[in-house]
Amino acid sequence: MNRYPLWKYLTVLAALVIGLLYTLPNFFGESPAVQVAAAKSTVKIDNQTLERVQSLLGEANLQSTGAFFEQNGPIGTVRVRFESTDVQLQAKDVIERHLNPDPANPDYTVALNLLPASPNWLTAIRAYPMYLGLDLRGGVHFLMQVDMQGALTGRYDSMAADIRNTLRQAKIKVANVERSNLSIVASFDDADSRDNAQSELRRAMPDMTFTGGSDGTRQTLTGRLSETAITQVQNNALRQNITTLHNRINELGVAEPVIQQQGADRIVVQLPGVQDVAKAKEILGRTATLEIRMVDDSPAAMAALASNTVPFGLERYSDRDGRSLLLRRQVILTGENLQDAQPGRDQQSQQPSVNLTLDAKGARIFRDVTRDNINRRMAIVLIENGRGEVVTAPVIRSEIPGGQVQISGSMTAQEAADTALLLRAGALAAPMSIIEERTIGPSLGADNIKMGFNSTLYGFIAIAIFLILYYRLFGVFSTLGLAFNVLLLLAVLSMLQATLTLPGIAAIALTLGMAIDANVLINERIREELRGGASPQQAINTGFERAWGTILDSNLTSLIVGIALLAFGTGPVRGFAVVHCIGILTSMFSAVVGVRAITNLWYGRRRKLQSISIGQIWKPKQD
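Residues numbered from 1 in each chain as written. Predicted model: local features only at pLDDT ≥ 70, side-chain atom pairs only at ≥ 80, totals over all residues. Heavy atoms only, no water.

A. Looking closely at the packing of helix H6 (residues 148-169) against helix H11 (residues 360-372). One can describe the packing of H6 onto H11 by two numbers: an axis separation of 12 Å at closest approach and a directional angle of 55°. Classed by the angle they form, the pair H6 and H11 counts as oblique. In the crossing of H6 with H11, the sense of the turn from one axis to the other is left-handed. Residues Ser158, Asp162, Asn165 and Gln169 of H6 pack against Lys361, Arg364, Ile365 and Asp368 of H11. Along the lines of polarity and charge, the residues of the contact of H6 with H11 split into 1 nonpolar, 3 polar and 4 charged. (Axes fitted to C-alpha atoms, helices over the stretch in contact; angles between N-to-C directions. Helix = DSSP H or I, 4+ residues; strand = E, 2+ residues; numbered from the N terminus. Parallel < 35°, antiparallel > 145°, perpendicular 65-115°, else oblique. Left-handed = near helix turned anticlockwise from the far one by under 90°. Contact = heavy atoms within 4.5 Å. Nonpolar A, V, L, I, M, F, W, Y, C, P; charged D, E, K, R; others polar.)

Next comes the structure, spelled out in structure tokens:
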């Protein structure tokens, strides 16, 4: 009656072992570490970088507790762990000084970080600790303001070029098209040209409103974005900036960053574990964009280049081989026209390449430019950290329609993958400024963890004392089930690599209080059966079975609320909801399966069981 088959005991045992193994890494804490990443797309992080860092530390007599090279896609990162923050800071200075001899133009990003101190055998079975939120681990917090005026200015600059192209294709003569603050003003010689242009532009650009006028000498046409279009531009700028920040931070290996919108024009960025504010700012500012310009290879330009001068209207850039080129200032296309960038190989030469896909506007412009500049060179410039580098400058052999562009040249397969990834990360759609920054030290995070752990522990002890005093041996069973529940909850959170915050610790404490409800229901149901005259074995069996329906109903209603919090909540509310929902599921398993398994092991083999230790059983008075 009260005996589990062997497979059920093995299931509970397996859950217990898995719970122990995957909870264990959370008790080893974290070690101070130094993280080395590439500050430029042309700089590679590999095992040779790891060996160089270890050599530098050895020469400086700085001992590390572990050094690792991690490959996250095409992005590599070197991390070195130390015993104390003093050694960590000394190591950072040594590594920074040797890897970045020119601080104004660094090749590497050297940042302070925290790494799990778990032993290697746990890491080998992919048993990792939970991520800790900013309030528990420490780190940096930024509140960034997006310059929406800058986003609109960039949009108007782009639309001014579209208006020129539209009028040229429609063969309408226009004297001048320029942006004036947040509007575009086109000048015409006569009213008929202006009216024709107005009709054409209204049809081609429905997001703009055009009004005619005169400045005394010429007929003018002023275009402005509609309110709906302005809102769309601002929303797109905010979303693109959030996506770009995600890409850049994820590539540098910051664990579980929080990047979310706040209000209409602000972005909150939280980087747990990062203690170096200056490096965090550098990470946020690292974006790359693409520009396509024409190369000036005329004899006059070559003579000026040889004499180390730059003629008016040109700019000097260097390619990846160090050769200087003179490019025209006019930007033909930018990264805004880029839809996708993927590494590949040239079908003819089989050399590594980057395959770009342009949007409809970019494809049209690129087709026209390549048609009008056959046998001239076009430079593809990658701009990163405010510095431009010519990736390749091929000769245009024929018109290129369809918006499919291939970058190939002096690059390896790894460089092609890195370049494609950096281009996909994109540029900020609008300038941003940091209006609030806050650093939370690891000591404060440790205090939060200690207080949260102590509050949960004291709550557990208080519940355990009450259960044991009130239910005797069955109270011990319930206490073991409660500990099993906490073990499973922490293991599941660790396996999911969830982020634990102070609200999450509060949810664990709440889970303890809710989980005991199931044990109370079971114990009281067993008492009720004993009062009704059932034998101990029968009372145990009936108590567990009849309590199951009530346990399911009560936990199901709590789970519905948790799912609602998870679906509609943000930030700390979602963190609370995740732990709450998982805790409900683990509490049901531990109470109904785990405690039943312990009870069956203790009482199930006694055929002539006369009594059980479940506290005082009050029988109703007889009339």
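We are not done yet, so read on.
B. Spatial organisation of the pattern of salt bridges. Counted by the stated rule, this structure contains 16 salt bridges. In this structure, arginine 194 and aspartate 195 form a salt bridge, with 3.4 Å as the shortest nitrogen-oxygen distance. A relative accessible area of 14% places arginine 194 in the buried class. Residue aspartate 195 is classed as partly exposed on the basis of its relative accessible area of 33%. Here arginine 546 ties to glutamate 529 by a salt bridge, and the two come within 3.2 Å at their closest N and O atoms. Here glutamate 529 lies in helix H15 (residues 502-531) and arginine 546 lies in helix H16 (residues 536-568), a separation of 17 residues in the sequence. Each of Arg367, Asp368, Arg371 and Asp372 takes part in salt bridges that share partners, so that together they form one network. (Salt bridge = Lys/Arg side-chain N within 4 Å of Asp/Glu carboxyl O. Buried < 20%, exposed > 50% of the residue type's maximum accessible area, 1.4 Å probe, protein only.)

C. Layout of the environment of glutamine 234. Here glutamine 234 shows up in helix H8 (residues 227-251). In this structure glutamine 234 comes out as partly exposed when scored by relative accessible area, which is 25%. Distance from glutamine 234 to arginine 607, taken between C-alpha atoms, is 76 Å for residues 373 residues apart in sequence. With near-sequence residues (within four places) excluded, glutamine 234 lies in contact with Met148 and Leu152.

D. Spotlight on the packing of aromatic side chains. Summed over the entire model, instances satisfying the criterion amount to 8 aromatic pairs. The interplanar angle of 65° and the centroid separation of 6.5 Å between the aromatic rings of phenylalanine 477 and tryptophan 602 together place this pair among those described as edge-to-face. Here the residue phenylalanine 477 occupies a position in helix H14 (residues 473-495), and tryptophan 602 occupies one in helix H17 (residues 572-603), the gap between them amounting to 125 residues. The rings of Phe474, Phe477, Trp602 and Tyr603 are connected pair by pair, giving a single aromatic cluster. (Phe/Tyr/Trp six-rings, centres within 6.5 Å; stacked < 30°, edge-to-face > 60°.)

E. Quick look at the packing of H14 against H15. The N-to-C vectors of H14 and H15 enclose an angle of 145°; their axes lie 10 Å apart at closest approach. Of the two possible hands of crossing, H14 and H15 adopt the one that is right-handed. Across the interface between the two elements, Phe474, Ser478, Leu482, Asn485, Val486, Leu489 and Leu490 from H14 touch Ile508, Thr511, Leu512, Ala515, Ile516, Asn519, Asn523 and Ile526 from H15. Looking at side-chain class alone, the contact of H14 with H15 contains 10 nonpolar, 5 polar and no charged residues.

F. Structural detail: the side chain of asparagine 100. Along the chain, asparagine 100 turns up in the loop between helix H3 (85-99) and strand E4 (108-116). In terms of polar contacts, asparagine 100 uses its side chain to reach the backbone amide nitrogen of aspartate 107, at 2.9 Å. At 2.9 Å, the side chain of asparagine 100 forms a polar contact with the backbone oxygen of tyrosine 108. Asparagine 100 has contacts with Ile95, Pro106, Asp107, Tyr108 and Val110, leaving out every residue within four places of it along the chain. (Polar contact = N/O pair within 3.5 Å; in protein donor to acceptor, adjacent residues only side chain to side chain.)

The quantities given are spatial measurements derived from coordinates; they are silent on function.
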